[in-house]
Amino acid sequence: MPFPVGFLIGLACASLATVLLPRGRQRLAHAGRDGEVEPRRVGFGLWVGLAAGSVVLGLVQGRLDAAGLRGVGSPVWTLPLAALPLALATLASDLGRVRSERHAVGLLVSGVALFFAGFAFPVLTNPLTGTVAVATIWQVILCAIWLFLLASVLEMISLIPAGVGLFGLALSGVIWLAGGTQQTVASYALAGLVAGAIAGRMAAGLVAHRGEGVVPLGKTEVFGLALWLTALTNAAFLKSVALAGFVLPLGALAVMLIVLTLRAFERSLLLRPAPRSD
């Protein structure tokens, strides 16, 4: 019951937002002051759909069927408040020039806000020590780190067409199919909300902008999805530990490889001899 309700709410909110909202004009970080590089049109429907859907879902969360689940879980209506610092930081990029420094600050503040919103790692489980309680300060740090890692992975995946949407659908599907009494209404409902918002954004984009194709995801949408996926995996309780043990190392490895590749590329440019004029 919670998953289909979340899916329908996300589908409706993201579809309406994609159709009704104006598009941003994002300028590349290396563009000149005169803007000789053509700004890239980006959308906001996914972010607004997730935020509005969380508010609507929060109104009915307590009345959703919790039979066989661990309880209602954390209130999902708090997620738009936690995402607000990150949204403001990324909106500045989608409406102007991209600044990675703003993104880093937004991720840090929203990562801390996730803890106060009730989406944290209360316990960790491993084969050596079993289940152990996590100190408050470490819960805050883990929230910020997990958000940073998921945002980094999504930002890299965004270079592949439809990659972000497929990743979000896959992660939501894992939570939905995992099942178990350790799940909550919040985890199932958020899984449906994320899947529905992604589907609604894609479908409405195809219909609303048939002449130019689906408008690319903006930074606000990519990083907003990262925050909702972070909350989703945290709300899944023990499943979040399994996902963290799989996705977190892969994400760290991917970021490391990207950084090393970029540095090697820059070094090759620096060491390359300058062209000589005859």
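Residues numbered from 1 in each chain as written. Predicted model: local features only at pLDDT ≥ 70, side-chain atom pairs only at ≥ 80, totals over all residues. Heavy atoms only, no water.

Undergrad: Is there a simple way to explain the nonpolar core in this structure?
TA: One recurring pattern in soluble globular proteins: nonpolar side chains tend to sit buried together. Phe 119, Leu 190, Leu 225, Trp 228 and Leu 229 are the most contacted members of the largest nonpolar core, which has 60 residues in total. Secondary-structure elements contributing two or more residues to this core are α1 (2-20), α2 (45-60), α3 (79-94), α4 (100-116), α5 (136-157), α6 (163-178), α7 (185-208) and α8 (219-235). In terms of residue count, α7 provides more of this core than any other element does, 11 residues in total. Residues in contact with Leu 190, not counting those within four places in the same chain, are Leu 57, Val 76, Leu 79, Phe 119, Trp 228, Ala 231, Leu 232 and Ala 235. (Core = buried A, V, L, I, M, F, W, Y, C linked by side-chain atoms within 4.5 Å. Buried < 20%, exposed > 50% of the residue type's maximum accessible area, 1.4 Å probe, protein only. Helix = DSSP H or I, 4+ residues; strand = E, 2+ residues; numbered from the N terminus. Contact = heavy atoms within 4.5 Å.)

Undergrad: Can you help me understand the confidence of the model for the protein in this one?
TA: The predicted coordinates should not be examined in detail at positions where pLDDT is low. Per-residue confidence for the protein gives a mean pLDDT of 77; residues scoring 70 or more make up 72%. Looking at the elements of the protein, mean pLDDT is at its lowest for helix α9 (residues 238-271), recorded as 54, and at its highest for α2, recorded as 92. Ignoring residues within four places in sequence, the model shows residues 268-278, a span with pLDDT below 50, making zero contacts including any to other chains. (pLDDT = per-residue confidence, 0-100.)

Undergrad: I tried to follow the packing of aromatic side chains on my own but got confused; where do I start?
TA: Two numbers describe a pair of aromatic rings. These are the distance of the centres and the angle of the planes. For the structure shown, the criterion picks out three aromatic pairs. Arranged with centres 4.3 Å apart and planes meeting at 5 degrees, the rings of Phe 3 and Trp 176 form a pair that is stacked. Taken as a pair, Phe 3 in helix α1 and Trp 176 in helix α6 lie far apart in primary sequence, 173 residues in all. The class for Phe 3 is buried, based on a relative accessible area of 12%. (Phe/Tyr/Trp six-rings, centres within 6.5 Å; stacked < 30°, edge-to-face > 60°.)

Undergrad: Mind showing me how you'd approach the side chain of Ser 110 here?
TA: Here Ser 110 is to be found in helix α4. Contact partners of Ser 110, with chain neighbours within four places excluded, come to Ala 82, Ala 83, Pro 85, Leu 86, Leu 147 and Leu 227.

Undergrad: I'm lost on α6 in this one. Help?
TA: An α-helical turn contains 3.6 residues, so a residue and the one three or four places further along point in the same direction. When the terminal C-alpha atoms of α6 are compared, their 22 Å separation across 16 residues agrees well with the 22 Å that a helix rising 1.5 Å per residue should span. Listed as buried for α6 are Gly 163, Val 164, Gly 165, Phe 167, Gly 168, Leu 171, Ser 172, Gly 173 and Ile 175. (Expected span 1.5 Å × (residues − 1).)

Undergrad: Whenever I open this one, the pattern of salt bridges confuses me. Can you help?
TA: The tally for this structure, following the rule as stated, stands at two salt bridges. Among the salt bridges present, the one from Lys 219 reaches Glu 155, with a minimum N-O distance of 2.7 Å. Here the residue Lys 219 occupies a position in helix α8, and Glu 155 occupies one in helix α5, the gap between them amounting to 64 residues. Among the residues examined, Glu 155 registers a relative accessible area of 28% and is labelled partly exposed. The salt bridge involving Glu 221 is made with Arg 201; its shortest N-O contact spans 2.9 Å. Here Glu 221, found in helix α8, pairs with Arg 201, found in helix α7; they are 20 residues apart in sequence, far enough to count as distant. Judged by its relative accessible area of 0%, Glu 221 is buried. (Salt bridge = Lys/Arg side-chain N within 4 Å of Asp/Glu carboxyl O.)

Undergrad: For this particular structure, what's the right way to read the packing of α4 against α8?
TA: Two numbers describe how α4 lies on α8: the axes approach to 11 Å, and their chain directions differ by 25 degrees. Here α4 lies roughly parallel to α8, going by the angle between them. By crossing handedness, the relation of α4 to α8 is classed as right-handed. In this structure, α4 contributes His 103, Leu 107, Ser 110 and Leu 114 to the contact, and α8 contributes Lys 219, Phe 223, Leu 227, Thr 230 and Ala 231. Broken down by class, the residue content of the contact of α4 with α8 amounts to five nonpolar, three polar and one charged. (Axes fitted to C-alpha atoms, helices over the stretch in contact; angles between N-to-C directions. Parallel < 35°, antiparallel > 145°, perpendicular 65-115°, else oblique. Left-handed = near helix turned anticlockwise from the far one by under 90°. Nonpolar A, V, L, I, M, F, W, Y, C, P; charged D, E, K, R; others polar.)

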